[in-house]
Structures are given as structure tokens and as C-alpha cells.
Amino acid sequence: MLDRFRRRRGALAASGPPVALGERYEGFKELLESNSELLTLLTEVDAMLAGETVFGMAWVRSRASRIAFHGGRVVHGLNRLSGGRYAALAEVMDGLKERIRTVAETRRTEACPHLILPYGAVTRHMVDWVGGKNAHLGELTGLPGLRVPPGFAVTTAGYELFLAEAGLEAVVRRAAMDLDPDDPDSTRRVSEAVQHAFLRAALPPALERAILDACAALPGDGPLALRSSAIGEDGELSYAGQYLTALNVPRADVLETYKRVLASLFTPRAIAYRLHQGVNAADLAMSVGVLGMIDARASGVAYSRHPTDPARDAVLVNAVWGLGVFAVDGVVPPDEYLLARDAGHALLAARPGAKAVRLAPGPQGRLDELAVAPELVHAPCLDAAQAREIAAATLALEAHFGTPQDVEWAQDRDGRLFILQARPLRAAHAQAPVPPPAPPGAEVLLAGGATACPGLGSGPVYHVLGVDDVAGFPQGAVLVARHSSPKYVAALARAGAVVAEAGSVTGHMAALAREFRVPAVFGLPGALAALAPGRVVTVDATGGRVHAGAAPEGGPGAAQSPPRPRRSLAGTPVHAALARLAELSVPLHLTDPGAPDFGPAGCRTVHDVTRYAHERCYEEMFRLGELTMEHSGATRRLDAPLPLDLYVIDLGGGLHDVAPGQTSVRPEQIASAPFAALLEGMGHPALSDRAPRPVNLGGLLSVMSRQMLEPPAEPGGRFGGRSYALVSDAYLNFSSRVGYHYSVLDAWCGPRVDENYVNFGFKGGAADDLRRQRRTRAIALILERLGFRVERVADRVQARFRKYGHEAVRQRLEQLGRLLIYTRQMDMLMVDETMVERAAQAFLDGSYDLGAPSR
């Protein structure tokens, strides 16, 4: 036995040193982070491909560079955690990045011929010339019933002229080369150097004259507001709070303030934001809006749909006294007004905030924080008529732009309403939307799901529990599954709608549902039980619910989807560039991990690459238990009443309150969410306090004969060895060898559904082959009934539970903790076939005193 162990160690040494545990874990985190970003990016590209929303080439270039960045980072993470075993995948991704680069390097279709554009000459199609913020404000000047402060845009041509004549292009290029994403000091140094260079440089005379002439053409001689309108801002990325807005600027200071706004492209936070988002430096260009300053009586923000409950049929208006900075920055609690979206805009609810201070323009360009008169602190800023006026304007903007809006507004001293900013509303997705009330007479079977693809679909229910069920999927049926899966892609072309008990709206199947334009709703627990096969139902994916029966168009149950905005970009050159990007990134061809082409050679798009890498990363992390056994460096023994010699290795954030040199830890020092759940199950009182199981003579003799006649399956002893837990705040890799069986558990339990998973493997046993296989079958049966996907071969079980919420994963880990204790040496009791079902059902019933008749 010793010779065999030495040979094994020698083979490991000959193959080179294994990747360090911490390095593997960092690669794993890198992969997960970029995989989540990629799925969101691909979803947005696919949605924009419909050509129903205005965007420019900067949008396409930004998306292209970020997709290439995160695709490369996914592959880098996989190779980092595997020790470089996926070089072929890196070659595939490099080829895709090169082809994507040709899209990213496509410049704007036409250079802006103007340094200045008055708002009356600006439309939303000019986003590459004036940025999203200016494009929207210019568009609004032509809409009846809406008022925008008088102003103009200094275009991106002005920015480019400034860089060219002041020699700043080289400064920006050097800055990009000097940046180290892992070194915050380098970000600070680069920021200071570039901003200093911008502020020292002289503006080109032609640009100075153009800005001063445009200011002179504005009415009056009062102060101005200068607002950043960078390329990409208020578009696919918010850049919220990254760039400068300067209020109450004296006209004599406009030129210097303009340079400050340009320099704000390179604040440390803006640089860090772009690095995190993978934004290419070539996409940097700043337009600046110059507007008349509104001395506001009251200001605030309005949302055409509730930002945290977008399904609610209401407009939300916030208001504070004075300038709106205190509203958007959260300095004071604003008034809140909830208004109906229908024609009357009835005031549904009003809650005044405690507005103790206000921001007001002061002399010489100052902004002063002033105390609010005591009688006005809790008084409403708006009456019902004023709130209705703001709601009506906000809904008019939604109708014009074809998407829910986030609007900044101000009311001047004469009570006139001005729109200061309008951009697409980014509603919260952290929680499932609350569906609107069901139409009269409709029986609601399920409600509260998340929309993966909006729309309405009816048909007979067809349960799909695995890929084998796809072949017989009938035309027009409603696909109902326990979990979303790209393996079901063949059914989507025939499906009327999709319902899944669990799944992510940014996952693979959600992207496929949007590609096929199939209404799909995920996150409806109990759907398989509630929706019987063959029953005709209507899926209102927009409202996140399922009704009984077929819904005739416009009839009961036919919840209407939001009206589709008109097409505006389909067929244009910029749309053609996006189509090229989508072709290289969005389609998914690798849907079945068991298919022969599921490998690097079968990856034709970035979606394929990330799908393959995501699948393989689980396997690589699952092998971490073997690496732990060979290299158990700095470990701490767990001091807990468990039948295991358990040691903990902290990868970062998995333990707390541990003193230097401490060699053991207690359960209360465990900060790792998945490990804490596992220990909770292992220490279940019904398992720790139970009496010894009755011994079956045949099973005992089987164990003893195997011990005498066979060598141990693994080094480390017959009846036990060290068990290891590698932990972080959200990660656990637990490996245990007890007697002749070996188990490994690998899990991630965090807030993102896409990242969460549990992989569990069990092998071996101390009895004969027949008894070991019976135990394995009992374990497999338990895991299947707990919702795992299970594969079983002889005495080996592999189980997976993926893409569920934090609480569902935590519960499965707690159950696995109980299962590990429950099944120890249970093979001795597997005396006949009846014990398989009996053992499984006893565990599921919480009856752990499993006995067997003597033989």
C-alpha cells in the first residue's frame, strides 16, 4: 500500500505543481463575475436588435468591446482555475475577439460638422454627436406641452478639436497604458495627471468663440448650468454620478467650467467604472449641455412606472424644496406622490418628507444650503394639480420614447414646469414584480413570476422533465419545467409559452426564448403540481402569472403587454453593425453537454464559449477536493460535536474573529453561508441524539470480509481520515473520506441566481457491491426528490442543483448535511430491495432511526 501511495505522489510531482487553491478560487470568481456580465450584455444586444430604440455607433462599439472583454475574462478564469487546460478554448475566443474588434473599430458613420448645436436643432438620432442626455433634451424642444430650459450642446467635435490642438490625445493614450486595474494608486495617479493636463490646456480659439457666441444668444444674462453628456451616458450604461454637472455658473466662468466637465471623464471613480464595465478608451468623447439656470421653487424626479414595482399601474413623483440635487443625492427625504397612469392621473397616495434643508443658487456662483421654514418642513411641495401635471409630462415622454422614463424636473418661481433630463428607467430586478390584478372572471393559477420574455401565450400544458421529453413536444403547447434549461431549445420553435419553477431571466434559456419570441415566465414554484398535463392555460408573461383556460384576444385573462414602440433604426448602417455583433455573440449552439460537439471546436459565438466554460468550471471546482487532500496547508480544525475529523481552509471571508495562530475554530466563527448551512444539517438534533442503529449480521460480515480481503480504496486508513472544507463567504468545497466511501460537495450560495449551484458526489462503501449499490440508489432517490439532477453508475452518485435562489440553495445544503450523517455506514443495513425505498422515504419524512430486520 505504501508503494502505491508513493507512486501516486511521484506521478503528481512529475506532472508539475498543482495550481494553488487560492489561485483556483480567484479564477473561479473571475469566471462567475464575467459570465453574469456577459449574459446581461447578450440580453441587451438581443433586445436592441429589434431596432425599436435609438442608439449610435458608440453604443455598438461599447457593447462589442465589453463582450470581447468579458468573454476573454471568462476563458482566462477557466484556465486560471484549471492550470491552463483549456488553451483550445482561448484560441477560439481570441478568434472571436478579433472578429468583434472589426465591429468595435467601426467609427461613427459621419463626423459631426458642428462645434455647437442649439437644442432646437438636436434630435435623439444625434447621440454620437451630442450624447444621450443632450439628444433627449433636444428632442423634447419640439414636443408640444413640454418645456426645456433654453440651451445648446457643445458637440463631441468640440471635444475632439480640443484634444487634437492641445496635444491631449497622447496624454489619454499613455494614461490607458499606465492603468493597472489591480492597483488603486495607478488609477489615482492617472486621474490626477490627465485632469491636470486638461485644465492647463488652452481651448482652441474657434471653440472658445463658438461657446461664447452661443451663450450670448441665450436669453438674459443670468447664470447657467453645464451638464455632462458623454457618449454612452444615459444609454446602455448609466454612469450615474461619474461625470460633472455644474450649477449656477456665472457666464464669465463658462469656458473654465467647460474644461472641468471634460476633465471629469477621468475622475478616479469614472476610470474605475469604465474598467469594471470593460469600456474601450476609444469610445470616450464628451459633449456638454449648456442651459439657462432654473432658480427652482421645487424640484425632483418622476418615474413613469414604479422603479421597484414596475408592474404597478402608477407614476411615482418625488419632490424637494429648491434645487433637485438634494433629491437625486438623497440628502433629504423627499415628498412621494403616487398617481394613476390613466387619463385623469388621479392622486392615489401622498407622503410628505421631512425636508429640513434646501439647496439654492447664491451669489458669485455659490450653491447654498439653507434651512427650510419650520412650517414648510413637512408641508407638501406640490398640490394635486401640480403632481398631475408632472405625471402627464412623464407619461408623454414614455409614449414618445417608447419605454418607461426616469425624468428630472424643476418648477420655477412662477410655477412653470421644466424638464431637465429624461432617460430610460432602470427598474429594480432584484425581486419578482407584483402582477396587476387578474382580469374579471379569470382564475389565476400562479402569480408572482419574473418575465424572461414578455407577451401572452395559450395552449395545453406539457411537462418537460428532461431532454427526452422534448422530442414529443406538440405544436402550440405550454412548456412547463422544473428549471429553465438550454437543452429544451428544440421545443421553443413549437411552444406557445414557457413556464419554469426556477431560472434566471438573464440565463441561456431566457435568451433563447427572446430569440424565438416565446412568452416565458420563470420563478413560479409549484408550477408542475398546479398545471396538470393537457390542461389549457394562458401565460401572461408580462404580468408574471398563469390563468386557467384559453384567453381570446381582448377577452378575460388577456392581460395586455405594453405597446411596442415604433421601429426607428432597422435597416440603417448602425443597425447593420449591431447585427454583425449579434451574429458573433448572441446565438447559442451548445445546448447539450452530452453532445459530441460540446467542446471548443463547437463554439461559434461568445454565448457558446461562456456556456461551455460555465459547464466546465463546475467540474474543475468539483475536483478541488482531490487537490485539498494532497495539499492541506494552513488548516484549522473545527471544534464541533460531529463524527468527522474536519479541517477548514479559509479562502477569504469564510471565517471571522479568528486570532493569529489559532489552530481550531468553533461553529459560531463560520461566516461562510454554504458551510454554515451544511453544518446546520450535520448537527441536526434528530441525528446527533439518536440511539445506535441495530446491527445487521449479514451486513457486518460483508463489511469485515471486505476489510480483510481488499486494500483501502484511498490512502488514509479504513475507518476515517481528515475531512476538509474550503470556504469563502459564498463558496464551499467539502471533501470527506470516511471508511471506504468518499464524498465531495462543491457549492456557491450568493445573491445571484445565475451563479448559485450545488454539486455533490458520493462513491464507495464498506459492504459488498450489492449493498453498496442499494445505498447509492437510496441516496439518488432522495436527491431526485429534493430537486437535484442525478446521475448514478454502480456505487457512484453525481448530483447537481443549479441556478436557484439563495434560500433554496441554503435549504439543499442543510439537507445534504443531514444526508451525509444519515447515510454513514448505511450499506450494512441494505439487506434487500425494499430497503432502498424505505431508507429514502424515512429520510424525507425526517425519521432517521433506520433499522433493518436481522438475517
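Thresholds, definitions, all that
Residues numbered from 1 in each chain as written. Predicted model: local features only at pLDDT ≥ 70, side-chain atom pairs only at ≥ 80, totals over all residues. Heavy atoms only, no water. Helix = DSSP H or I, 4+ residues; strand = E, 2+ residues; numbered from the N terminus. Buried < 20%, exposed > 50% of the residue type's maximum accessible area, 1.4 Å probe, protein only. Contact = heavy atoms within 4.5 Å. Areas by Shrake-Rupley, 256 points an atom, 1.4 Å probe, with all protein chains shown as cover. Pairing = 2+ DSSP bridges. Polar contact = N/O pair within 3.5 Å; in protein donor to acceptor, adjacent residues only side chain to side chain. Axes fitted to C-alpha atoms, helices over the stretch in contact; angles between N-to-C directions. Parallel < 35°, antiparallel > 145°, perpendicular 65-115°, else oblique. Nonpolar A, V, L, I, M, F, W, Y, C, P; charged D, E, K, R; others polar. Salt bridge = Lys/Arg side-chain N within 4 Å of Asp/Glu carboxyl O. Phe/Tyr/Trp six-rings, centres within 6.5 Å; stacked < 30°, edge-to-face > 60°. Lys NZ or Arg CZ within 6 Å of the ring centre and 35° of its normal. Core = buried A, V, L, I, M, F, W, Y, C linked by side-chain atoms within 4.5 Å. Expected span 1.5 Å × (residues − 1). Bend = angle between axes of the 7 residues up to and from the residue. pLDDT = per-residue confidence, 0-100. Left-handed = near helix turned anticlockwise from the far one by under 90°.

Novice: Explanation requested: the overall build of the chain in the structure shown.
Specialist: Along the backbone of the chain there are 26 helices and 30 strands. Relative to its full complement of 855 residues, the chain shows a buried share of 55%. Pairs at least 24 residues apart make up 66% of the contacts formed inside the chain by residues separated by at least 6 positions. Carbon and sulfur atoms make up 54% of the accessible area of the chain, which totals about 35,200 Å².

Novice: Where do I start with the pairing of strand E10 (residues 357–361) in this structure?
Specialist: Side-chain direction in a regular strand flips from residue to residue, so the side chains alternate between the two faces of the sheet. Two strands pair when backbone bridges link them, and E10 and strand E11 (residues 367–371) are joined in this way by five bridges, in the antiparallel orientation. Residue pairing in the sheet places leucine 359 in a bridge with glutamate 369 of E11. Hairpin connection of E10 to E11: five residues between the antiparallel strands, including glutamine 364 at a positive phi of 55°.

Novice: Before we go on, may I ask you to explain the environment of threonine 245 in this structure?
Specialist: Take threonine 245: it is sitting in strand E4 (residues 245–249). Under the relative-accessibility criterion, threonine 245 is labelled partly exposed at 33%. The sequence separation of threonine 245 and serine 264 amounts to 19 residues, and the corresponding C-alpha distance is 9.4 Å. Not counting residues within four places of it along the chain, the set of residues in contact with threonine 245 comprises Lys133, Leu226, Arg227 and Ser228.

Novice: Which parts of the structure should I look at to understand helix H6 (residues 156–166)?
Specialist: Every α-helix winds through 3.6 residues per turn, so residues three or four apart in the chain are directed the same way. For H6, the set of buried residues is Thr156, Ala157, Gly158, Tyr159, Phe162 and Leu163. Among the residues of H6, the N-terminal cap falls to threonine 155, whose side-chain oxygen and the backbone nitrogen of alanine 157 are separated by 3.2 Å. After H6 finishes, the residue glycine 167 shows a positive phi value of roughly 70°.

Novice: Would you mind going over the sheet that holds strand E9 (residues 347–351) with me for this structure?
Specialist: Consider a sheet: its strands pair through backbone hydrogen bonds, and that pairing is either parallel or antiparallel. With respect to topology, six strands assemble into an open sheet ordered E9-E8-E7-E6-E12-E13, the strand pairing being antiparallel. Either end of the sheet is taken by a strand with one partner, and the two such strands are E9 and strand E13 (417–424). Each neighbouring strand pair of the sheet contributes to a mean axis angle of 15°, computed without reference to strand direction.

Novice: Help me understand the packing of helix H5 (residues 127–140) against helix H14 (residues 384–401) in this model?
Specialist: The description of two helices packed together rests on the angle between their axes and the distance between the axes. Across the interface, H5 lies against H14 with an axial gap of 12 Å and an inter-helix angle of 105°. Compared by their axis directions, H5 and H14 come out roughly perpendicular. Here H5 contributes His136, Glu139 and Leu140 to the contact with H14, which in turn contributes Leu397, His400 and Phe401. Counted by class, the contact of H5 with H14 contains three nonpolar, two polar and one charged residues.

Novice: It is not clear to me how the pattern of salt bridges should be interpreted in this structure. Could you clarify?
Specialist: Opposite charge on two side chains permits pairing when their charged atoms draw close. Applying the stated rule across the entire model yields 35 salt bridges. Note that glutamate 807 and arginine 810 form a salt bridge whose closest N and O atoms lie 3.3 Å from each other. Here glutamate 807 pairs with arginine 810, and both are found in helix H25 (residues 806–822), just three residues apart, close to one helical turn. Judged by relative accessible area, which is 23%, arginine 810 ranks as partly exposed. Within the structure, one salt-bridge network assembled from shared partners comprises Glu23, Glu30, Glu33, Arg73 and Arg80.

Novice: Can you help me understand unusual backbone geometry in this one?
Specialist: Most of the time, phi is negative for any residue but glycine, and the peptide bond is trans. Phi is positive for asparagine 248, which is not a glycine, with a value near 60°. Following the sequence through the fold, asparagine 248 ends up in strand E4. One non-glycine residue with positive phi stands out, namely aspartate 657, at about 55°. Here aspartate 657 shows up in the loop between strand E23 (645–652) and strand E24 (664–665).

Novice: Can you help me understand the sheet that holds strand E16 (residues 456–464) in this one?
Specialist: The strand order across the open sheet built from eight strands is E14-E21-E20-E16-E17-E18-E19-E15, with neighbouring strands paired in mixed fashion. On the outer flanks of this sheet lie strand E14 (444–447) and strand E15 (450–453), each paired with one strand and no other. Taken pair by pair, the neighbouring strands of this sheet meet at an average axis angle of 30°, ignoring direction. Where strand E20 (residues 536–540) meets strand E21 (residues 545–548), four bridges bridge the pair, whose relative direction is antiparallel.

Novice: Hey, could you run me through the packing of aromatic side chains in this one?
Specialist: The geometry of an aromatic ring pair is captured by two quantities: the separation of the ring centres and the angle between the planes. Taken as a whole, this structure holds 15 aromatic pairs when the rule is applied. When the ring of phenylalanine 801 is compared with that of tyrosine 804, the centres are 4.1 Å apart and the planes differ by 10°; the resulting orientation is stacked. Residue phenylalanine 801 is classed as buried on the basis of its relative accessible area, which comes to 1%. Assessed through its relative accessible area of 12%, tyrosine 804 is described here as buried. Connected via pairs of aromatic rings, a cluster forms that spans Tyr25, Phe28, Tyr731, Trp748 and Tyr757. Across the ring face of phenylalanine 418, the terminal group of arginine 147 is positioned such that the distance to the ring centre comes to 5.6 Å.

Novice: How should the side chain of serine 672 be read in this particular structure?
Specialist: Checked against the element boundaries, serine 672 lands in the loop between E24 and helix H21 (673–682). In this view, serine 672 contacts Gly653, Gly654, Val727, Ser728, Asp729 and Tyr731; residues no more than four positions away in its chain are not counted.

Novice: Can you walk me through the nonpolar core in this structure?
Specialist: Most often, soluble globular proteins have nonpolar side chains that are buried together. If you look at the biggest cluster of nonpolar residues, it comprises 53 residues, and the most contacted ones within it are Phe675, Phe734, Leu745 and Tyr822. With seven residues, the top contributor of residues to this core is H25. Residues in contact with phenylalanine 675, not counting those within four places in the same chain, are Leu638, Leu646, Val648, Ile670, Ala725, Val727 and Leu732. Formed by 52 residues, the second largest nonpolar core is a distinct cluster that contains Phe28, Leu31, Tyr724 and Trp748.

Novice: Sorry, what's going on with the side chain of serine 585 here?
Specialist: Of note, serine 585 is situated in helix H18 (residues 573–585). Taking relative accessible area as the criterion, serine 585 reaches 0% and is therefore assigned buried. Setting aside its immediate chain neighbours within four residues, serine 585 contacts Leu42, Ile67, Thr605, Val606 and His607.

Novice: Just checking my understanding: could you explain H5 for this structure?
Specialist: Its 14 residues place the ends of H5 only 14 Å apart at the C-alpha level, less than the 20 Å of an ideal helix rising 1.5 Å per residue. Roughly 80° is the biggest bend found in H5, and it falls at lysine 133. H5 sits mainly inside the fold: 14 of its 14 residues count as buried.

Novice: Before we go on, may I ask you to explain the pairing of strand E3 (residues 224–230) in this structure?
Specialist: Of all seven residues in E3, seven are buried, a share of seventy percent or more. In this sheet, strand E5 (residues 286–292) lies alongside E3 in antiparallel orientation, the contact comprising seven bridges. Bridge pairing links serine 229 to serine 287 in E5.

Novice: Just checking my understanding: could you explain the confidence of the model for the chain for this structure?
Specialist: In low-pLDDT regions, the fine details of the predicted coordinates are not to be read closely. Per-residue pLDDT for the chain averages 80, and the proportion of residues at 70 or more is 78%. At the level of individual helices and strands, the chain shows its lowest average pLDDT in helix H1 (residues 2–14), which scores 35, and its highest in helix H9 (residues 205–217), which scores 97. Low pLDDT, under 50, characterises residues 428–437; the stretch is placed with 19 contacts to residues that sit more than four places away or in other chains.

Novice: Just checking my understanding: could you explain the packing of helix H3 (residues 57–82) against helix H19 (residues 606–622) for this structure?
Specialist: At a closest axis distance of 10 Å, the pairing of H3 and H19 adopts a crossing angle of 25°. Regarding the angle of H3 to H19, the classification is roughly parallel. Every pair of crossing elements has a handedness; the one defined by H3 and H19 is left-handed. Two secondary-structure elements touch here, H3 through Ile67, Gly71, Val74, Val75, Leu78, Leu81 and Ser82 and H19 through Val606, Val609, Thr610, Ala613, Arg616, Cys617, Glu620 and Met621. Looking at the contact of H3 with H19 residue by residue, the class counts come to ten nonpolar, three polar and two charged.

Novice: Would you take a moment to explain the environment of tryptophan 59 for this structure?
Specialist: Along the chain, tryptophan 59 turns up in helix H3. Expressed as a C-alpha distance, the spacing of tryptophan 59 and aspartate 128, which sit 69 residues apart in the sequence, is 8.7 Å.

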